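Inside the fold
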Amino acid sequence: MIEIKDVHKSFGPLEVLKGINLTVASGEVVTIIGGSGSGKSTLLTCINGLEPINSGSIRIDGVEVHAKGTDINKLRQKVGIVFQQWNAFPHLTVLENVMLAPRKVLGMARQQAEEIAVKQLTHVGLSDKLGVYPSRLSGGQQQRMAIARALAMSPAVMLFDEVTSALDPQLVGEVLDTLKMLADEGMTMICVTHEMTFARDVSDRVAFFHQGVMAEIGTPDQIFGAPHHPETQRFLSSTR
């Protein structure tokens, strides 16, 4: 589903990604862990085409993301991305926020868009918040609304960028439960996370990034139980 080959990305003189290679199969859940500034979030924005790359290639379902002839807006319909900040329109209700992209991007009729929005909001446990404005939601509910908004576009792939990092500890669980539900349903996912228990429990594979390099990738049992790379060992010991 996702094929990343020798991707390099720099911001001025700072090389943030230094030759990343990663393949993610359909239905697979890969979590990316590592310290701040290791390139984790940058990789997600490159996969989605929000940031250009300097060299290498990224393909999603056979389509090269950064090729000149690629319709990036059409491709992004296949790739949902949820960031740390939920970025809703404050003057629209929860239902209207989730309906917006299917109507504006896909040209969907209002009734059909509303049906899809209700379905996805129900899916993430917000069926009782349809007419509420985002400011009246808790942080966990706001993130679940953002997930529903991405799911309303029927993506083939979901990218999650530290979606619990801005939440109070008591709200983290409800968002992680939503991600676990998606994983159980077979959604192809790449999750950048600081939640080690989530990475251990939900991932098919865990990748450890260090200073722009994917230093190690393996099963959760291998990464958390017997990491090979000294930096992986050091990072995991600091999170315990």
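Being a predicted model, the structure only gives us computed values, none of them experimental.

**Regarding the sheet that holds strand 6 (residues 79-82)**
In any sheet, the strands associate via hydrogen bonds between backbone groups, in a parallel or an antiparallel arrangement. The sheet built from six strands is open, its strands ordered 6-7-8-3-9-10 with mixed pairing. A strand with exactly one partner marks an edge of an open sheet, and here the two such strands are strand 6 and strand 10 (213-218). Pairwise comparison of adjacent strand axes, ignoring direction, gives a mean angle of 15° for this sheet. As judged from the five bridges shared by strand 9 (residues 205-210) and strand 10, these two strands associate in the antiparallel manner. Among the inter-strand pairings, Phe-209 is bridged to a residue of strand 10, identified as Met-214. Taken strand by strand, helix 5 (residues 139-151) contacts strand 6 and strand 7 (157-161), and its axis lies near 170° from that of strand 6. Helix 9 (residues 230-239) rests against strand 3 (29-34), strand 9 and strand 10 of the sheet, and its axis sits at about 100° to strand 9.

**Description of the side chain of Thr-45**
Among the structural elements, Thr-45 can be located in helix 1 (residues 40-47). You can call Thr-45 buried: its relative accessible area is 16%. In contact with Thr-45, other than residues within four places in its own chain, are Leu-50, Glu-51 and Phe-83.

**Thoughts on helix 1**
Along helix 1, seven of the eight residues are buried, which leaves the element largely enclosed by surrounding structure. By the burial criterion, the buried members of helix 1 are Lys-40, Thr-42, Leu-43, Leu-44, Thr-45, Cys-46 and Ile-47. Looking at the residues trailing helix 1, positive phi occurs at Gly-49, about 80°.

**As for the state of the cysteines**
Under the counting rule described, the total for this entry stands at zero disulfides. Residue Cys-46 stays outside any disulfide, its sulfur separated by 18 Å from that of Cys-191, the closest cysteine. By relative accessible area, Cys-46 is classed as buried at 0%. The exposure class of Cys-191 is buried, given its relative accessible area of 1%.

**Some points on the layout of surface pockets**
By volume, the largest pocket is sized at about 630 Å³. Considering the residues around the largest pocket, the lining is formed by 24 residues, among which Ile-81, Ala-101, Arg-149, Ala-150 and Met-153 are closest to the centre.

**Digging into the environment of Gln-77**
Looking at the element boundaries, Gln-77 is found in the loop between helix 2 (72-76) and strand 6. The exposure class of Gln-77 is partly exposed, given its relative accessible area of 24%. In this structure, the C-alpha to C-alpha distance between Gln-77 and Thr-232, residues 155 residues apart in sequence, is 34 Å. With residues up to four places along the chain from it excluded, the contact list for Gln-77 reads Val-105, Leu-106, Met-153, Ser-154 and Pro-155.

**What about the sheet that holds strand 5 (residues 63-64)?**
The four strands are arranged 2-1-4-5 in an open sheet whose pairing can be described as antiparallel. Each having just a single partner strand, strand 2 (14-24) and strand 5 make up the two edges of the open sheet. Looking at chain direction, strand 4 (residues 55-60) and strand 5 are connected through two bridges and run antiparallel. Its bridge partner being in strand 5, Ile-60 is matched across the sheet by Val-63.

Scoring rules and cut-offs
- Residues numbered from 1 in each chain as written.
- Predicted model: local features only at pLDDT ≥ 70, side-chain atom pairs only at ≥ 80, totals over all residues.
- Heavy atoms only, no water.
- Pairing = 2+ DSSP bridges.
- Helix = DSSP H or I, 4+ residues; strand = E, 2+ residues; numbered from the N terminus.
- Axes fitted to C-alpha atoms, helices over the stretch in contact; angles between N-to-C directions.
- Contact = heavy atoms within 4.5 Å.
- Buried < 20%, exposed > 50% of the residue type's maximum accessible area, 1.4 Å probe, protein only.
- Disulfide = S-S within 2.5 Å.
- 1 Å grid on protein atoms, 1.4 Å probe; cavity = no way out; pocket = protein on both sides within 12 Å on 5 of 7 lines; lining within 4 Å.
- Points joined across faces, edges and corners; volume = space filled by probe spheres on them.

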